[in-house]
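Residue-level listing of the chains:
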Amino acid sequence: MDNQENAEPENKTKSENVQESNELQNENYVLINEDEENDSPVSSVSNEFIKNESCNSQNNQFIYDVIIIGAGLSGLYSAYYLTKKCNDLRILVIEGKDRLGGRTQSADLKCSEDGQKSKWDLGGQWVTDTQTHITKLLVELDLETYPQHIEGKKILETNGKMVNYNSSIPSVSILSLIDLQMGSMKISSNAKKISTIDPFENLNLASRLDSGNLDEFLLSKSFSSKSRSLLDPAIRTIFGVEASQINALFGLMYIKSGGGSLESLALSDKGCAQEKKVKGGTQQISERLAQIIKNNEKNKILLNTVLIEIKQDKEKICVMAKNLSGPISFECKKVISSIPINQYVHIDFDPELPIYKRHVFQFCQMGNLIKFIVTYSKPFWREKGFSGEVVSDGSVLWSKEWSNIEGVEIPKSGPIACVFDGTNDQGQAALVGFIGAKMAVEWTDQKDELRKQEVIEALVRYFGQEARNYLEYVEKIWAKEKFAGGCPTCNLSSSGVMQNYARAVREPFMNIHFCGTESATVWQGYMDGAIQSGERAANEVLYVLFKDDRSIDYDYENTFYFHNEMNRKNSISK
Ligand SMILES: Cc1cc2nc3c(=O)[nH]c(=O)nc-3n(C[C@H](O)[C@H](O)[C@H](O)COP(=O)(O)OP(=O)(O)OC[C@H]3O[C@@H](n4cnc5c(N)ncnc54)[C@H](O)[C@@H]3O)c2cc1C
């Protein structure tokens, strides 16, 4: 059997499932109820597991040393890093979905009239050289990048009007420009004072910021309503929520982790988050990592395997999951969990996770983005002098005309927050855009056809009638994605919840280590942050497993333990 179980749940017959169960058993997996119907994969199975309390170790001979939960970038990177540092380790990765990549997913879309297809990214897409972890990894995996097309006029649509501009910042009045620069300086200067490792290090500032949201603390006081209509679409796309839904300390920590300014997150210029794209799509990163992990025959990656419960004592840890055939359990020495932090509420822990973790996990809110990709036979907007970039406050709503159709409740605002030229390195043309935050909430449950028409009409408004002649329209509503529930990242929304953020997302709990982009200290929320966090968690596991064995090369300074030690020293010396 292939190491990577890539089964389509709906296409499998029951007998195929049972056959697979037998194969799994042959490989020393304990499979408890192979005849169980495959209905909801996240139903509670605790009672069935009680029959198998001792899980699968015999005389403390574990089948796996480390089990990694989640085959997104952070989980796969931690498995890759562990394998590189110590290829004797036996590593199992379990993934709930039937695919690798998590919040990265590349899809084949029509790119020519004769039906040829090419890859585009429905999830994470852009990288920049200042993101050192992903940049290094792309080189290691032999993946190339190409620049985001930015030449030409950009469009700003606010208060129902459209203006064109050529620079990074729109041609607004001198007063608005000063206002924008002052506000942006205020954000950067406050962000500079926040430590991403210990956001509460600057106690006075942190407590003040933690008691309010980004909107009331920074934006409403610093920017005029005109500048806000430029800023809000950027916030919607960066965080997937409105500024009023972001804890101010969380927001500044996030901005600090991604270069320290809103510009570095919002723009496509050199060093900014939208600078470059990966040739052939970002899902290849996970696929190539998985291939290298699987090249070591001790390792295994199981798809369609949903974590349900983790039981642990001092010596061992038991991971209980459910696959297409029913419950399955594994025992190991250490677990690295890479799932998005909003998913922890679906997992049982015995003993229970500490309250400081549960509190943060309960109060986080996953962002909400719908990403659309529209392919064309040529980049017609470039011929008209447009870059393809649009920022919109959603003030124009084409589908008002639909309001007399029975059963259709028309949203209050237009969907689009921003659009980019999505043409790939082969010159295959596309426009890529986002519906974000409150607009995404309004538009998620609309009829698919209405949402698509509204997007196409907006593209016609921006770039002309040619926008109607698309080859393919594809969109992904990330709020409906299982095991994520949204994107691009989890935000802390409530006030007064940041004191324990760093410990909640990074501190190991007995034998469980935590990674995932939400736990990163650089480029949190981004692919780079996912890689950084995977490396940290892997170093923690190497440190605890091989503390006394200096033949294994690990980086202690890149562990939660070291960060914690430094924080303690700092607070004593104050
Ligand atoms: C539309 C969109 C646009 C984005 N744009 C960019 C961009 O341009 N640049 C950028 O750098 N980043 C971008 N991001 C963010 C980036 O994709 C993420 O930060 C990154 O992929 C997160 O990786 P991760 O490993 O931390 O989490 P994930 O990718 O979410 O991986 C976690 C994995 O755990 C699995 N899992 C969850 N629960 C369970 C369970 N119970 N049992 C088993 N498995 C489970 C999930 O299925 C998933 O595969 C974007 C994301 C989206 C969706």
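Residues numbered from 1 in each chain as written. Predicted model: local features only at pLDDT ≥ 70, side-chain atom pairs only at ≥ 80, totals over all residues. Heavy atoms only, no water.

- If you check an unreviewed UniProt entry, the protein appears there as Amine oxidase from Brachionus plicatilis.
- What UniProt states about the protein under its Sequence similarities (unreviewed entry) heading is, verbatim, "Belongs to the flavin monoamine oxidase family."
- The record in UniProt for the protein states the following under Catalytic activity (unreviewed entry): "a secondary aliphatic amine + O2 + H2O = a primary amine + an aldehyde + H2O2". (UniProt positions renumbered as here; feature names shortened; annotations may be inferred.)

What to know about the overall build of the protein
Step number 1: Along the protein, the regular secondary structure elements total 18 helices and 24 strands.
Step number 2: Scored against the burial criterion, the 574 residues of the protein give a buried share of 61%.
Step number 3: Taking as baseline every contact in the protein between residues at least 6 positions apart, the subset at least 24 positions apart corresponds to 74%.
Step number 4: Carbon and sulfur atoms form 48% of the exposed surface of the protein, whose accessible area is close to 23,000 Å². (Helix = DSSP H or I, 4+ residues; strand = E, 2+ residues; numbered from the N terminus. Buried < 20%, exposed > 50% of the residue type's maximum accessible area, 1.4 Å probe, protein only. Contact = heavy atoms within 4.5 Å. Areas by Shrake-Rupley, 256 points an atom, 1.4 Å probe, with all protein chains shown as cover.)

Focus on the sheet that holds strand β15 (residues 334-337)
Step number 1: An order of β11-β3-β2-β15-β24 is seen for the 5 strands of this open sheet, with the pairing classed as parallel. Two strands bound the open sheet, and with one partner strand each, they are β11 (300-302) and β24 (512-514). With direction set aside, neighbouring strand axes in the sheet form an average angle of 20°. (Pairing = 2+ DSSP bridges. Axes fitted to C-alpha atoms, helices over the stretch in contact; angles between N-to-C directions.)

What about the confidence of the model for the protein?
Step number 1: The predicted model of the protein has a mean per-residue pLDDT of 87, with 87% of residues at 70 or higher.
Step number 2: Confidence over residues 1-55 falls short of pLDDT 50; this stretch has 114 contacts with residues more than four positions distant or in other chains. (pLDDT = per-residue confidence, 0-100.)

Comments concerning the packing of helix α5 (residues 174-192) against helix α7 (residues 214-222)
Step number 1: The geometry of α5 relative to α7 is characterised by a closest axis approach of 9 Å and an angle of 155° between their N-to-C directions. Between α5 and α7, the angle is such that the two are roughly antiparallel. Residues Asp 179, Gly 183, Lys 186, Ile 187 and Asn 190 of α5 form the contact with α7, whose participating residues are Phe 217, Leu 218, Leu 219, Lys 221 and Ser 222.
Step number 2: Partitioned by chemical class, the residues of the contact of α5 with α7 number 4 nonpolar, 3 polar and 3 charged. (Parallel < 35°, antiparallel > 145°, perpendicular 65-115°, else oblique. Nonpolar A, V, L, I, M, F, W, Y, C, P; charged D, E, K, R; others polar.)

What to know about the site of the ligand
Step number 1: Near the ligand lie 34 residues; those nearest to it are Ser 74, Glu 95, Arg 103, Thr 517 and Met 527.
Step number 2: At a separation of 2.8 Å, an oxygen atom of the ligand approaches a polar backbone atom of Trp 126.
Step number 3: At 2.8 Å from an oxygen atom of the ligand is found a main-chain nitrogen or oxygen belonging to Thr 517.
Step number 4: Protein contacts shield 97% of the accessible area of the ligand, which totals 1,000 Å² for the unbound molecule.
Step number 5: Considering only residue class, the shell around the ligand consists of 16 nonpolar, 15 polar and 3 charged.
Step number 6: Counting the residues that make up the shell around the ligand, at least three belong to each of domain 1 (9-101 + 282-353 + 509-573) and domain 2 (106-152 + 368-480). (Near = heavy atom within 4 Å. Polar contact = N/O pair within 3.5 Å; in protein donor to acceptor, adjacent residues only side chain to side chain. Domains from an automatic or database assignment.)

Section: the pairing of strand β13 (residues 317-323)
Step number 1: The element β13 is extensively covered by neighbouring structure, given that 7 of its 7 residues are classed as buried.
Step number 2: Neither face of β13 is open: one carries Ile 317, Val 319, Ala 321 and Asn 323, the other Cys 318, Met 320 and Lys 322, and all of them are buried.
Step number 3: Pairing of strand β12 (residues 306-312) with β13 involves 6 bridges; the strand directions are antiparallel. Each residue of the ladder has a partner; that of Leu 307, found in β13, is Ala 321.
Step number 4: Linking two consecutive strands that pair antiparallel, namely β12 and β13, is a turn of 4 residues.
Step number 5: Relative to strand β14 (residues 326-332), β13 runs antiparallel, the two sharing 7 bridges. Bridged to Met 320 within β14 is Ser 329.

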